[in-house]
Amino acid sequence: MTGVPADTAPSRRRLHWLDGLWPWLCAASVALSLLMLGALLTLLLVRGLGHFWPATLEEVTLRSGETFAGQAVREVALPQQPGDERLYFTGNRDIESVRWRWVAIDDIAMQAQPMDLIRLERSPWDDFIGRLVAIEQHDQRWEGDAAWQQLTSLLALPVSQRPDSQLLLITASGQAVQQPLANVVSAQAPNAMTWRQKTLAWSQSVWRFLSEGPRAANTGGGVWPAIFGTVLMVILMSVIVTPFGVLAAIYLNEIAHQGRLTRFVRIGVRNLAGVPSIVYGVFGLGVFVYGIGGSLDEWFFSETLPSPTFGTGGLLWASLTLALLTLPVVIVATEEGLARIPEAQREGAVALGATRLEMLTRIVLPMAAPAMLTGMILAIARAAGEVAPLMLVGVAKLAPQMPVDGEFPYLHLERKFMHLGYHLFDTAFHGDDVQAAIPLVYATALLLVLIVLVLNLTAIFLRHYLRRQRGSEC
Amino acid sequence: MLCAPWFANDNDMTSPRLTTSRQPLRLLQDRVATGLITAGGVGVLLAILAIGIFLVWETLPLLAIGDALALTTLTPLAWGTLKAALSALLFAIPVALGAAIYSALFMSARLRSRIKPTLEMMEAIPGVVVGFIAGLILAPWVERHLASALVVMIWLPLSAGLAGFCWHLAKTRLRRRLPLCWAGLWLVPWLAFMVTVALWLTPWIEQHWLGGDLRQLLYQRFGMDYATRNALIVGIAMGFAVIPSIYSLAEDALADVPKTLIEGAQALGASRWQALWKVALTAAGPGIFSAVMIGAGRAVGETMIVLMASGNTALLSANPFEGMRSMSASIAIELPEAAPGTQTYHLLILAALVLFIFTFLVNTLAEVVRHRLRRRYRQLGSMS
């Protein structure tokens, strides 16, 4: 080291200092990415699943003497002055015309959690929070505890067998209300529940979220039609995209002359995977909906014109558009699989006298089947999360009819459908009460992320497993 | 390539067991199937080509109208698209490249085989979910705590440096327990802790140095307006979505740099920094360039995140705290209402064409560069 000239010494020291610093910055960027991903998933999990947990109801008495009951949602610092304010969900929109209430914490004189507060989920209106006084059924009448037991036993019956009953309710501020039983979906007294009952209630409401249709302008109820629409659209799409994608890949890899043109086509197909999805949506709208759909209407459905049948967005056009969008994914994945098959296998088959068709169907395709499957799963995963093109070609915020029903021809390709991603977007941004919708939006987002992640993980594991198997074969 | 010899000589190779009556049938089947596959393949490729043709065809009527109108309508949208993409890339490029360098050159092989798929999984998270979190959760929070958000952004790299400094001071036993090759993992709680510290300290900093209210200060001193959904939010959200694609490609390029090159440089007396900067980054430069290009293509075309997190106001301002409206979001909002054949319809399709051409060119460039790079690596590998 004595040979180092004196004038390079300072620059070496500076470099040494950088040498120590930059690996840490790089490591921190990995950590930051992981942190963001983890934070996003945790937020979705906690808020999405936590919404279904029966929340404690509080009875609050203000300094002004006013009393109300509700569920505490969050606390925020008061603007321009010290102290916090708390947001309560109070429900009872039919009675008090608002269902949210901001209260400065300093104004609260007393808060309690009485056991007899109940929360009713109702079908035309949203939640009721208050107390149950009595149940009247024809000439019978139950009061107090007996009324609550009668209510839970009535709600356990199927909807069609519930007798005509009236609930006499009273809000925390003392207003009496009559409520027909027919409108009540479920009842809870969360303050009186044990942990086990709460867990049970939680799993029931998760199930209802997955299996019921939306209520109260998408701010309540479940997402079943959206799940159904998403799955149906994705199935249709994969039925369309898989054969065509595989066909194109076989043509490119096995039949076409491997020259410059084929290489250009291959690069072009690969690049189409990077073209924004909205461009495909524009193509779908212009060609499928206005072009093909418009012509179909003129030829076959001219009696219903000017109201369009196929000339407007629908299930068929949405699946076709997404099929086009995911075509490059399937082609690329299948081609990779085909390219990995050793040339010796093909030559061996041909040497034994097989025609090209026999070589393809008996040797090449079975060996490439896993790659095709991977391509299809990746296509499904991409399509399930895609929303932008669907907004142009046929998704609806609230479809009046399901695309599959008992009427001939059972599968209605021209109908609009609901989609989880669009449902999320619409409820979060176009609802009349975004505050009430946000917990459900979290749950929907969690569901969507879970579906997409599970599909992607399946593709990864499948590929990994098959590669290892292939590796032991060779 | 595969065809001529066996096709022509098939009759000579007939095995005695096959009756001659089945032979023509097999050949016919084969010809028909080949024809069908060719037709299908070419048809699919033509359908893909049709996208470009359709977009060009539908924008032709605009030529008759004249381009002045198109220019005035599309300029704010193009500006919005660029602004959104730039702010996303500003956030994504340093983080993604840093992560790529770390995981290609430092991370232990076992950790790397776990972390890489995890980060690539980020790409699968639907844009609509990221947009919802950004637009409805992050944006209102940042509006109320602007100073905290900015402090966290400055504080995070500093705290990473601080971690490195503490590590160098620490005892050897602790260093062995927390090695650099696992730092990607154990820095996560450290960063989370540092974010908490920053959030806790910010009100005090804001009170003492920033006059109590940063937004007020920005408005009075620089005349900057603040919109709830702005370029900052879009940058973070879309950066989050773009990071995995840049990371994945850049990491591939860096990991493929022949190890002999870096080892050779270090043997000749280069420090690790010099070996990285002068050798690894130079060798993988084209790959990193193509990774950034692919990321840019994705940022330009992303629709749902911009739609949900940008406020959709067509402004021509460079202020990072104001919203914008991008071309893709405009298409998503306006096209369903525009009747086919009207001027708006054609203009929106022109916007789609611009997006199509831009992303196609950028991706082709990236692909070509990557091809060249792969060839160069093969040469380098064969030399050693």
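A quick note: this is a predicted structure, and the numbers were derived from the prediction, not measured. (Residues numbered from 1 in each chain as written. Chains lettered and ligands numbered in written order. Predicted model: local features only at pLDDT ≥ 70, side-chain atom pairs only at ≥ 80, totals over all residues. Heavy atoms only, no water.)

1. Remarks on the UniProt feature "transmembrane region" (unreviewed entry) in chain A
Residues and elements named next belong to chain A.
Here is step 1: Following the UniProt record, one finds the feature "transmembrane region" (unreviewed entry) at residues 21–46, 223–252, 272–293, 313–333, 363–384 and 440–462.
Here is step 2: Spanning residues 21–46, this segment combines 100% helix with 0% strand, and its end C-alpha atoms are found 36 Å apart.
Here is step 3: A distance of 25 Å separates the end C-alpha atoms of residues 272–293, which is 82% helix and 0% strand. (UniProt positions renumbered as here; feature names shortened; annotations may be inferred. Helix = DSSP H or I, 4+ residues; strand = E, 2+ residues; numbered from the N terminus.)

2. What about the pattern of salt bridges?
Here is step 1: Under the counting rule described, the total for this entry stands at 23 salt bridges over all chains.
Here is step 2: Between R119 of chain A and D127 of chain A there is a salt bridge whose closest N-O contact spans 2.9 Å.
Here is step 3: Accessibility expressed as a relative area gives 16% for R119 of chain A, which makes it buried.
Here is step 4: Classification of D127 of chain A by relative accessible area gives buried; the value is 12%.
Here is step 5: Because the salt bridges share partners, they merge into one network encompassing R112, K116, E120, E251 and D252 of chain B. (Salt bridge = Lys/Arg side-chain N within 4 Å of Asp/Glu carboxyl O. Buried < 20%, exposed > 50% of the residue type's maximum accessible area, 1.4 Å probe, protein only.)

3. Some details on the interface of chain B and chain A
Here is step 1: With 95 residues of chain B at the contact, the number on the chain A side is 90 residues.
Here is step 2: When chain B packs against chain A, the two sides together hide about 8,300 Å² of surface, and 83% of this comes from carbon and sulfur.
Here is step 3: Inspection of the chain B/chain A interface yields one salt bridge.
Here is step 4: Between R26 of chain B and E358 of chain A there is a salt bridge, with the nearest N and O atoms lying 2.6 Å from each other.
Here is step 5: Summed over the shared surface of chain B and chain A, the result is seven residue pairs in polar contact (both at pLDDT 80 or more).
Here is step 6: The element contributing the most residues to the side of chain B that touches chain A is helix α2 (residues 22–59) of chain B, with 18 residues. (Contact = heavy atoms within 4.5 Å. Buried area = accessible area lost by both parts, 1.4 Å probe. Polar contact = N/O pair within 3.5 Å; in protein donor to acceptor, adjacent residues only side chain to side chain.)

4. Thoughts on the sheet that holds strand β5 (residues 108–112) of chain A
Sheets are built from strands that pair by backbone hydrogen bonding, the pairs being arranged parallel or antiparallel.
Residue and element names in this part refer to chain A.
Here is step 1: With antiparallel pairing, five strands are arranged side by side in an open sheet as β4-β3-β2-β1-β5. Of all the strands in the sheet, the pair left with one neighbour each is β4 (100–104) and β5. Here the strands of the sheet are splayed against their neighbours by 45 degrees on average, with no regard to which way each runs.
Here is step 2: For strand β1 (residues 58–62) and strand β2 (residues 67–77), the ladder comprises four bridges, and the chain directions are antiparallel. Paired with E59 across the bridge in β2 is A69. (Pairing = 2+ DSSP bridges. Axes fitted to C-alpha atoms, helices over the stretch in contact; angles between N-to-C directions.)

5. Digging into the confidence of the model for chain A
Here is step 1: Summary statistics for chain A give a mean pLDDT of 82 and a share of 93% for residues scoring 70 or more.
Here is step 2: In this model residues 1–11 of chain A is a low-confidence stretch, pLDDT under 50, and it forms zero contacts with partners more than four residues away in sequence or in other chains. (pLDDT = per-residue confidence, 0-100.)

6. Quick word on the packing of helix α6 (residues 127–144) of chain B against helix α11 (residues 231–255) of chain B
Residue and element names in this part refer to chain B.
Here is step 1: Running from N to C, α6 and α11 cross one another at 145 degrees; their axes reach a closest spacing of 10 Å. With respect to the hand of their crossing, α6 and α11 are arranged in right-handed fashion. Contacts between α6 and α11 involve V130, A134, L138, A139 and V142 from the former and L232, I233, I236, A237 and F240 from the latter.
Here is step 2: Here the residues of the contact of α6 with α11 are counted per class, giving 10 nonpolar, no polar and no charged. (Left-handed = near helix turned anticlockwise from the far one by under 90°. Nonpolar A, V, L, I, M, F, W, Y, C, P; charged D, E, K, R; others polar.)

7. Section: the state of the cysteines
Here is step 1: In the structure shown here, the tally under the stated rule is zero disulfides over all chains.
Here is step 2: Take C166 of chain B: it sits in no disulfide, and the sulfur closest to it among the cysteines is that of C26 of chain A, at 18 Å.
Here is step 3: In this structure C166 of chain B comes out as partly exposed when scored by relative accessible area, which is 37%.
Here is step 4: Of the cysteine sulfurs around C181 of chain B, a residue in no disulfide, the closest is that of C26 of chain A, at 15 Å. (Disulfide = S-S within 2.5 Å.)

8. Examining the domain arrangement of chain A
By a frequent convention, interface size equals the accessible area lost on bringing the separate parts together.
All names here are of chain A.
Here is step 1: Split into domains, chain A comes out as domain 1 (58–112), domain 2 (117–193) and domain 3 (224–473).
Here is step 2: Taking the mean C-alpha position of each, domain 1 and domain 2 sit 25 Å from one another.
Here is step 3: Surface buried jointly by domain 1 and domain 2 totals about 1,300 Å² across both partners, of which 51% is contributed by carbon and sulfur atoms.
Here is step 4: On the domain 1 side of the interface with domain 2, the three residues burying the most area are N92, D94 and I95, jointly 38% of the side's total.
Here is step 5: Joining domain 1 to domain 2, the criterion identifies one salt bridge.
Here is step 6: A salt bridge links R131 to E59; the shortest N-O distance between them is 3.0 Å.
Here is step 7: Between the two partners, domain 1 and domain 2, sit four residue pairs in polar contact (both at pLDDT 80 or more). (Domains from an automatic or database assignment.)

9. Topic: the nonpolar core
Here is step 1: Counting 220 residues, the largest nonpolar core has L55, F132 and I331 of chain B as its most contacted members.
Here is step 2: Looking at this core, the element that brings in the most residues is α11 of chain B, giving 16 residues.
Here is step 3: In this structure, L55 of chain B is in contact with V279 and V282 of chain A together with I349, A352, L353 and F356 of chain B, ignoring residues within four places of it in sequence.
Here is step 4: I118, F128, I135 and L154 of chain A belong to the second-largest nonpolar core, a separate cluster that totals 17 residues. (Core = buried A, V, L, I, M, F, W, Y, C linked by side-chain atoms within 4.5 Å.)

10. Observations regarding a positive patch on the surface
Here is step 1: A cluster of like positive charges, contributed by R260, R263 and R270 of chain A together with R372, R374, R375 and R378 of chain B, occupies part of the molecular surface.
Here is step 2: Elements that contribute at least two residues to the positive patch include exactly α6 (260–272) of chain A together with α16 (343–383) of chain B.
Here is step 3: Residue contributions to the positive patch peak at four residues, all from α16 of chain B.
Here is step 4: If you trace the backbone, R375 of chain B turns up in helix α16. (Patch = residues over 30% accessible without salt bridge, like charges linked within 9 Å, V, L, I, M, F, W, Y side chains within 5 Å. Areas by Shrake-Rupley, 256 points an atom, 1.4 Å probe, with all protein chains shown as cover. Lys, Arg positive; Asp, Glu negative; His and termini not counted. Charge placed at Lys NZ, Arg CZ, Asp CG, Glu CD.)

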